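Architecture and fold: a report
Chain by chain, the residues:
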Amino acid sequence: MVRLPLTPAEVERGQRLGALLRRARGERSMLDTALDAGVSPETLRKIESGRVATPAFPTIAAIAAVLGLSLDAVWAEVNQPDGGVEPAGSGRDARERLAS
């Protein structure tokens, strides 16, 4: 099976996902976070660095649960449109809490 190359939009979403997870993890160690989520530290490192731009849903769900993130907040952050325009019901409050 041949994997198609990622589109620029997919790469950008992966980078936003990684940044979100790094911010949410804060001072917590990568090792503890990964082990609590049931993923390898290398997997978490690759996701946070954007090297895995399209991780499996169960992986993201497990990491989000450990970090106390709702999947709605993750979805809103990762799929924010370019230009900073907020879509209706985008979860802006959740992103503001994560950014602080």
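The structure under discussion appears in the preceding block.
Note that the coordinates shown come from a computational prediction; the quantities given were computed from them, not determined experimentally. (Residues numbered from 1 in each chain as written. Predicted model: local features only at pLDDT ≥ 70, side-chain atom pairs only at ≥ 80, totals over all residues. Heavy atoms only, no water.)

1. Focus: the nonpolar core
- In this structure, Leu17, Leu21, Ile47, Ile60, Ile63, Leu69 and Val74 are the most contacted members of the largest nonpolar core, which totals 16 residues.
- For this core, the secondary-structure elements that each account for two or more residues are helix 1 (8-25), helix 2 (30-37), helix 3 (41-49), helix 4 (57-67) and helix 5 (71-78).
- It is helix 4 that contributes the most residues to this core, four residues altogether.
- What Ile47 contacts, discounting residues up to four positions off in sequence, is Gly14, Leu17, Gly18, Leu21, Val52, Pro55, Thr59, Ile60 and Ile63. (Core = buried A, V, L, I, M, F, W, Y, C linked by side-chain atoms within 4.5 Å. Buried < 20%, exposed > 50% of the residue type's maximum accessible area, 1.4 Å probe, protein only. Helix = DSSP H or I, 4+ residues; strand = E, 2+ residues; numbered from the N terminus. Contact = heavy atoms within 4.5 Å.)

2. Digging into the environment of Glu42
- Here Glu42 lies in helix 3.
- For Glu42, a relative accessible area of 33% corresponds to the partly exposed category.
- Taking the C-alpha atoms as reference points, Glu42 and Met30, separated by twelve residues in sequence, lie 9.2 Å from one another.

3. Concerning the side chain of Glu48
- Mapped onto the elements, Glu48 comes out in helix 3.
- Apart from residues no more than four positions distant in its own chain, Glu48 is found in contact with Gly18, Ala19, Leu21, Arg22, Arg25 and Met30.

4. With respect to the layout of surface pockets
- Reported here for the largest pocket is a volume of approximately 320 Å³.
- Leu17, Ile60, Trp75, Val78 and Asn79 are the residues nearest the centre of the largest pocket, which is lined by 15 residues in total.
- Those elements giving two or more residues to the lining of the largest pocket turn out to be helix 1, helix 4 and helix 5. (1 Å grid on protein atoms, 1.4 Å probe; cavity = no way out; pocket = protein on both sides within 12 Å on 5 of 7 lines; lining within 4 Å. Points joined across faces, edges and corners; volume = space filled by probe spheres on them.)

5. Describing helix 1
- An ideal rise of 1.5 Å per residue puts 26 Å on 18 residues; helix 1 measures up with 26 Å between its terminal C-alpha atoms.
- Within the sequence span of helix 1, burial applies to Gly14, Arg16, Leu17, Gly18, Leu20, Leu21 and Arg25.
- Positive backbone phi, at 55°, marks Gly26, one or two positions downstream of helix 1. (Expected span 1.5 Å × (residues − 1).)

6. Points about the pattern of salt bridges
- A full pass over the atoms with the stated rule returns six salt bridges.
- Notably, a salt bridge pairs Glu42 with Arg45, separated by 2.8 Å at the nearest N-O pair. In this pair, Glu42 and Arg45 both sit in helix 3, three residues apart, roughly one turn of the helix.
- Classification of Arg45 by relative accessible area gives partly exposed; the value is 39%. (Salt bridge = Lys/Arg side-chain N within 4 Å of Asp/Glu carboxyl O.)

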